[in-house]
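# Commentary on secondary and tertiary structure
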Amino acid sequence: EHRFRGWLGRLDAQVAEQNASVRVGDDRGDALCANDCNTSEVELDPELPIAHKLYAHHESEMGHAREAMVRLLGLARSTRNDPEIFAALVHACRYCGLNEASIAAHGEARRLDPNVPTSLQQTLLMAGDVDHAVEVLQSMPQGGATGYQREYLLMLALLRKGENDKAVAEAKGESVREVTAVV
C-alpha cells in the first residue's frame with residue numbers, strides 16, 4: 001500500500017507539471033457511439049467502479065489515457081478500497097508510459113482482491129521484464145475468455161527470450177508451464 005501511495009503522489013505531481021492541453025478529436029461512427037454509451041454509464045453512476053474501469057480502457061484505446069489516469073487517480077483517493085479502480089489504473093498508467101506506476105497499481109489491486117484481473121503481463125512486457133511476464137503468464141489459467149490473450153502473450157514473451165522451441169510448443173497447444181506460483 002505504501003508503495004502505491006508514493007506513486008499516487010508522484011503521478012499527481014507529474015500531471016500537474018504537464019501543461020500540454022489534450023484536444024479531443026472529432027471521433028465518428030462506432031467510436032463516438034461507444035464513447036457516448038460509456039460516458040452515459042459513468043454519468044449515471046459515478047460510484048460504479050466497473051463503469052470507470054471499462055470507460056478508462058476505452059479512453060486509453062482512443063488516445064485519452066492521460067484523462068483516464070487523472071480521473072482514476074481522483075477516484076483512488078476517494079475510493080481507496082476498490083480493486084477495480086486500481087486494476088483500471090494498471091491499464092491507463094501503462095498507456096501513459098508509466099510502467100512502474102502500473103505495476104504498483106497492480107500490487108494495490110491484488111492487495112485489495114487477490115483475484116481481480118489486471119493487465120500486469122502486458123505492463124511487464126512493455127517494461128522489458130520478460131522473465132517476470134513469462135512467470136505471470138504461465139501461472140494464468142489456460143482457455144477461457146482471456147485464454148487466447150494468455151497464449152499469444154506467452155508465445156511473444158518466449159520469443160523475446162529466444163526460447164523459440166517453447167514458443168512453438170505453446171502455439172501447438174503443448175503447454176510449457178514451469179511456474180505455478182500466483183503473482
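Residues numbered from 1 in each chain as written. Predicted model: local features only at pLDDT ≥ 70, side-chain atom pairs only at ≥ 80, totals over all residues. Heavy atoms only, no water.

Of all ten residues in helix H8 (residues 130-139), seven are buried; the element is thus mostly enclosed. Within H8 the residues assigned to the buried category are Val130, Ala133, Val134, Val136, Leu137, Gln138 and Ser139. (Buried < 20%, exposed > 50% of the residue type's maximum accessible area, 1.4 Å probe, protein only. Helix = DSSP H or I, 4+ residues; strand = E, 2+ residues; numbered from the N terminus.)

Running from N to C, helix H4 (residues 65-78) and helix H5 (residues 83-95) cross one another at 150 degrees; their axes reach a closest spacing of 9 Å. Between H4 and H5, the interaxial angle falls into the category roughly antiparallel. The hand of the H4/H5 crossing is left-handed. Contacts between H4 and H5 pair Ala65, Ala68, Met69, Leu72, Leu73, Leu75 and Ala76 from the former with Ile85, Phe86, Ala88, Leu89, Ala92, Cys93 and Tyr95 from the latter. Its residues placed into classes, the contact of H4 with H5 shows 14 nonpolar, no polar and no charged. (Axes fitted to C-alpha atoms, helices over the stretch in contact; angles between N-to-C directions. Parallel < 35°, antiparallel > 145°, perpendicular 65-115°, else oblique. Left-handed = near helix turned anticlockwise from the far one by under 90°. Contact = heavy atoms within 4.5 Å. Nonpolar A, V, L, I, M, F, W, Y, C, P; charged D, E, K, R; others polar.)

What follows covers the nonpolar core. Counting residues in hydrophobic clusters, the biggest one holds 20 residues, and the most contacted among them are Met69, Leu72, Leu89 and Cys93. Every element with two or more residues in this core is listed here: H4, H5 and helix H6 (99-112). (Core = buried A, V, L, I, M, F, W, Y, C linked by side-chain atoms within 4.5 Å.)

Right, let's talk about the packing of H6 against helix H7 (residues 120-127) for a bit. Interaxial distance between H6 and H7 falls to 10 Å at its minimum, and their mutual angle equals 155 degrees. Here H7 runs roughly antiparallel to H6, going by the angle between their axes. In this structure, the crossing between H6 and H7 has a hand that is left-handed. Mapping the contact onto sequence places Asn99, Ser102, Ile103 and His106 in H6 and Leu120, Thr123, Leu124, Met126 and Ala127 in H7. Here the contact of H6 with H7 is composed, by residue class, of five nonpolar, four polar and no charged.

Attention shifts here to the state of the cysteines. Considering all chains together, one arrives at zero disulfides under this definition. Residue cysteine 93 stays outside any disulfide, its sulfur separated by 6.5 Å from that of cysteine 96, the closest cysteine. (Disulfide = S-S within 2.5 Å.)

This next bit is on the environment of glutamate 67. Relative to the helices and strands, glutamate 67 resides in helix H4. Look at glutamate 67 and you get partly exposed, because its relative accessible area is 26%. It is 9.9 Å that separates the C-alpha atoms of glutamate 67 and cysteine 96, two residues lying 29 residues apart in sequence.

Under the defined criterion, the tally for this structure stands at eight salt bridges. Note that lysine 161 and glutamate 163 form a salt bridge whose closest N and O atoms lie 3.3 Å from each other. For lysine 161, a relative accessible area of 32% gives the class partly exposed. Lysine 166 is paired through a salt bridge with glutamate 163; the nearest N and O atoms lie 3.6 Å apart. Overall, the relative accessible area of 23% leaves glutamate 163 in the partly exposed class. Three or more residues are tied together by salt bridges with common partners; here these are Asp131, Lys161, Glu163 and Lys166. (Salt bridge = Lys/Arg side-chain N within 4 Å of Asp/Glu carboxyl O.)

This paragraph deals with H7. In terms of residue burial, H7 counts as a mostly covered element, since six of its eight residues are buried. Glycine 128 sits one or two residues past H7 and shows a positive phi near 85 degrees.

Attention now goes to the confidence of the model for the protein chain. The predicted model of the protein chain has a mean per-residue pLDDT of 75, with 66% of residues at 70 or higher. Between the elements of the protein chain, mean pLDDT differs from a low of 44, seen in helix H2 (residues 29-44), to a high of 95, seen in H6. Taken together, the stretch residues 16-38 has pLDDT below 50 and engages in 18 contacts with residues farther than four places along the chain or on a different chain. This model gives residues 177-183 a pLDDT under 50, and the stretch forms 19 contacts once residues within four places in sequence are excluded. (pLDDT = per-residue confidence, 0-100.)

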